[in-house]
Amino acid sequence: GAGVSQSPSNKVTEKGKDVELRCDPISGHTALYWYRQSLGQGLEFLIYFQGNSAPDKSGLPSDRFSAERTGGSVSTLTIQRTQQEDSAVYLCASSPVGGWTKNIQYFGAGTRLSVL
Amino acid sequence: AQTVTQSQPEMSVQEAETVTLSCTYDTSESDYYLFWYKQPPSRQMILVIRQEAYKQQNATENRFSVNFQKAAKSFSLKISDSQLGDAAMYFCAYRSGVKEYGNKLVFGAGTILRVKS
């Protein structure tokens, strides 16, 4: 696709349920990032994938959060036993490994998660 | 840890006028990158302009330019000839040049820009 694609666009869930958020990066981009945007905390880094290297999980707020990237492309962010404080917009970004754009992250439109 | 501060929660500008958004950052590194991203109501973050710390020349992209003051750790964005389509949330962001830090972006709190017709 032409850009980073995220699905669903909006997700409403009940407290305690598990949710999966999907990110399809720009074709050929080896780096993939997840960020969370919330009213109280602003924009926070969650996790970073680069090729076949071990992911940088340093931003994940708790062990209820996990992410995987299959085949070096699509990524899924999973939140288990959702809490109301998980309500936020979850943004995905990707970047290429080389070229003059290698330091630029291209973002998707995000998934707005609402936990009732 | 690096921090980014945007001290203006909200700014307004008249159409066709010029506005400057402020950003300061704190780091002990010498190699890094700075960015301004725009986030319209559609939520998608769009890169406006970027600056490499090793470059002394200020970056420009059409109506957008930055004033990069490395010693003062300041990185302001100037928007000339403001247009209604410029109305959005603007985020200043920092990225370390140290590979081990993984290229993540550290964002400021954002500035809402309103453009008056």
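For the structure, see preceding data.
Summary of the structure given here. Sequence order as written defines the numbering, with residues in each chain counted from 1. As they are written, the chains are lettered A onward and the ligands numbered 1 onward, keeping that order. Residue-level local features of this predicted model are given only where pLDDT is at least 70; pairs of side-chain atoms are given and counted only at 80 or more, and the full residue set underlies all totals for whole chains, interfaces and linings. Hydrogens and water molecules were not included; the side-chain quantities draw on all heavy atoms of the structure.

**Structural notes on the overall build of chain A**
- Here a helix means four or more residues in a row that DSSP labels H or I, a strand means two or more in a row labelled E, and each is numbered from the N terminus. The helix and strand inventory of chain A stands at zero helices and ten strands.
- Written out in order from the N terminus, the α and β elements of chain A read β-β-β-β-β-β-β-β-β-β.
- For the radius of gyration, the atoms used are the C-alpha atoms, and the globule rule reads 2.2 Å times the number of residues raised to 0.38. Compactness check: chain A gives a C-alpha radius of gyration of 14 Å against a globular reference of 13 Å for 116 residues, within 12% of the reference.
- Overall size of chain A, expressed as C-alpha extent along the three principal axes, is 45 × 25 × 25 Å.
- The buried share of chain A, reckoned over its 116 residues, is 47%. Here's how the labels work: a residue is buried when its accessible area is under 20% of the maximum for its type, exposed when over 50%, partly exposed in between, all with a 1.4 Å probe on protein chains only.

**Points about the interface of chain A and chain B**
- Working rule for contacts: check all heavy atoms of both residues, and any pair within 4.5 Å makes them a contact. If you look at the interface, chain A gives 22 residues, while chain B gives 18 residues.
- For the pair chain A and chain B, the two sides together bury roughly 1700 Å², of which 48% comes from carbon and sulfur.
- Sorting the residues of chain A by area buried against chain B places Leu43(A), Asn103(A) and Phe107(A) first, and these three jointly supply 36% of that buried surface.
- A carboxyl oxygen of Asp or Glu within 4 Å of a side-chain nitrogen of Lys or Arg is what we treat as a salt bridge. At the junction of chain A and chain B, the tally comes to zero salt bridges.
- In protein, a polar contact requires one atom able to donate a hydrogen and another able to accept it; more generally it is a pair of N or O atoms within 3.5 Å, and residues adjacent in sequence count only if both atoms are side-chain atoms. The interface formed by chain A and chain B includes nine residue pairs in polar contact (both at pLDDT 80 or more).
- Within the residue set of the side of chain A that touches chain B, elements represented by two or more residues are strand E4 (31-38), strand E5 (42-50), strand E8 (88-95) and strand E10 (111-115) of chain A.
- Residues are grouped as follows: Ala, Val, Leu, Ile, Met, Phe, Trp, Tyr, Cys and Pro are nonpolar; Asp, Glu, Lys and Arg are charged; every other residue, Gly included, is polar. Among the residues forming the side of chain A that touches chain B, the class breakdown is eleven nonpolar, nine polar and two charged. The term buried area denotes the loss of accessible surface (1.4 Å probe radius) that occurs when two parts are joined, taken as the sum for both partners.

**What about the layout of surface pockets?**
- Grid points spaced at 1 Å and placed over the protein atoms alone form the basis of the search, with a cavity being a set where a 1.4 Å probe fits but cannot get out and a pocket an open set showing protein on both sides within 12 Å along at least five of seven lines. Lining residues have an atom within 4 Å of a point. Grid points are joined across faces, edges and corners, and a volume is the space filled by probe spheres set on the points. Looking at the largest pocket, its volume works out to about 440 Å³.
- Lining the largest pocket are 17 residues, with Gln37(A), Ser38(A), Leu39(A), Gln39(B) and Met89(B) sitting closest to its centre.
- The residue makeup of the lining of the largest pocket, split by class, is eight nonpolar, seven polar and two charged.

**Notes on the pattern of salt bridges**
- In this structure the tally under the stated criterion is seven salt bridges over all chains.
- Across the salt bridge formed by Arg36(A) and Glu44(A), the nearest N and O atoms sit 3.2 Å from each other.
- Classification of Arg36(A) as buried rests on a relative accessible area of 10%.
- A salt bridge links Arg63(B) to Asp86(B), with the nearest nitrogen and oxygen atoms 2.8 Å apart. With Arg63(B) in the loop between strand E7 (60-61) and strand E8 (64-69) and Asp86(B) in the loop between strand E9 (74-79) and strand E10 (88-96), the pair connects residues that are 23 residues apart, well separated along the chain.

**Description of the nonpolar core**
Residue and element names in this part refer to chain B.
- Each nonpolar core is a collection of buried residues, namely Ala, Val, Leu, Ile, Met, Phe, Trp, Tyr and Cys, held together in the definition by side-chain atoms within 4.5 Å. Of all hydrophobic cores here, the largest spans 26 residues; its most connected members are Tyr25, Trp36, Phe75, Leu77 and Tyr90.
- Of all the secondary structure elements, the ones that give two or more residues to this core are strand E3 (19-21), strand E5 (32-39), strand E6 (46-52), E8, E9, E10 and strand E12 (111-116).
- When residues of this core are assigned to their parent elements, the largest contribution, four residues, is made by E10.
- With sequence-adjacent residues up to four places away left out, Tyr90 is seen in contact with Gln6, Leu21, Trp36, Tyr37, Lys38, Val48, Phe64, Leu77, Ile79, Gly110, Thr111 and Leu113.

**Digging into the state of the cysteines**
- Cysteine sulfurs are considered disulfide-paired once they come within 2.5 Å of each other. All told, the structure shown has two disulfides over all chains when counted by the stated rule.
- Between the sulfur atoms of Cys23(A) and its disulfide partner Cys92(A) the distance amounts to 1.9 Å. Every disulfide takes its handedness from the sign of the S-S torsion; for Cys23(A) and Cys92(A) that torsion is -70 degrees, giving left-handed. On the criterion of sequence distance, the pair formed by Cys23(A) in strand E3 (residues 19-24) and Cys92(A) in strand E8 is long-range, its members being 69 residues apart. Pair check on accessibility: Cys23(A) and Cys92(A) agree, each one buried.
- With its sulfur 2.0 Å from that of its partner, Cys23(B) forms a disulfide with Cys92(B). Residues Cys23(B) and Cys92(B) are joined by a disulfide whose S-S torsion is about -70 degrees; by sign, that bridge is left-handed. Residue Cys23(B) is located in the loop between E3 and strand E4 (24-26), and its partner Cys92(B) is located in strand E10; the two are separated by 69 residues in the primary sequence.
- For Cys23(B), a relative accessible area of 1% puts it in the buried group.

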